[in-house]
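A closer look at the structure
Listed here are the chains, written in short residue letters.
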Amino acid sequence: MDRKEFLSNLGVGAAAIICSSCLGGCQPLDTVVGAPTNIDITLDLTASVNSGLIQSGGTLYRDGIVIARTAAGTYIAVSSACTHAGTTVQYEAGGNRFHCPAHGSNFASDGSVINGPANSPLGKYNTTLTGSSLRVFS
């Protein structure tokens with residue numbers, strides 16, 4: 001084997017290793033991240049720590065959940081970790097949806113998948129507003 005053939009084989013081998021690593025990293029990750037269970041949180045909306053929920057489009061992250069106030073003034077709550085790879089999702093008030101900035105998954109306000117790569121929905125939680133108290137529960 002001459003030098004040229006050796007370097008050629010070395011390059012092909014290195015490319016094969018790199019490609020297999022990349023392809024292995026693209027396996028679906030769904031079901032890696034689960035939604036928090038047994039949730040029962042009551043938030044005082046007059047408290048400054050919860051001020052993110054005063055305005056429409058506002059959000060609050062707590063205990064693995066993202067709580068958002070929609071443009072219509074209602075409250076919604078879903079698990080905050082994208083079911084694809086666990087990245088924290090962000091609420092987009094204009095589209096009334098949750099977006100994963102890492103890989104582009106989008107979820108409806110009820111947590112269902114709009115587009116992937118995520119295949120599994122976000123966990124959804126119930127919300128009840130009584131006066132200035134917002135209860136989030138499973």
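Here, the structure is the one placed above.
Residues numbered from 1 in each chain as written. Predicted model: local features only at pLDDT ≥ 70, side-chain atom pairs only at ≥ 80, totals over all residues. Heavy atoms only, no water.

Considering the arrangement of structural elements, one finds Asn50 in the loop between β1 (40-44) and β2 (59-62). Residue class for Asn50 comes out buried when judged on its relative accessible area of 6%. Apart from the residues lying within four places of it in its own chain, the contact partners of Asn50 are Leu43, Asp44, Leu45 and Leu60. (Helix = DSSP H or I, 4+ residues; strand = E, 2+ residues; numbered from the N terminus. Buried < 20%, exposed > 50% of the residue type's maximum accessible area, 1.4 Å probe, protein only. Contact = heavy atoms within 4.5 Å.)

Among the nonpolar cores identified, the biggest contains 13 residues, and Leu43, Leu53, Ile65, Ile67, Leu134 and Val136 are the most heavily contacted of them. When residues of this core are traced back to their parent elements, those giving at least two are β1, β3 (65-69), β4 (75-79) and β10 (133-137). Not counting the four nearest positions on each side in its chain, Ile65 is found in contact with Pro36, Ile39, Ile41, Leu60, Ala77, Val78, Ser79, Ser80 and Tyr125. Counting 12 residues, the second-largest nonpolar core is a separate cluster that includes Val66, Ala68, Ile76 and Cys100. (Core = buried A, V, L, I, M, F, W, Y, C linked by side-chain atoms within 4.5 Å.)

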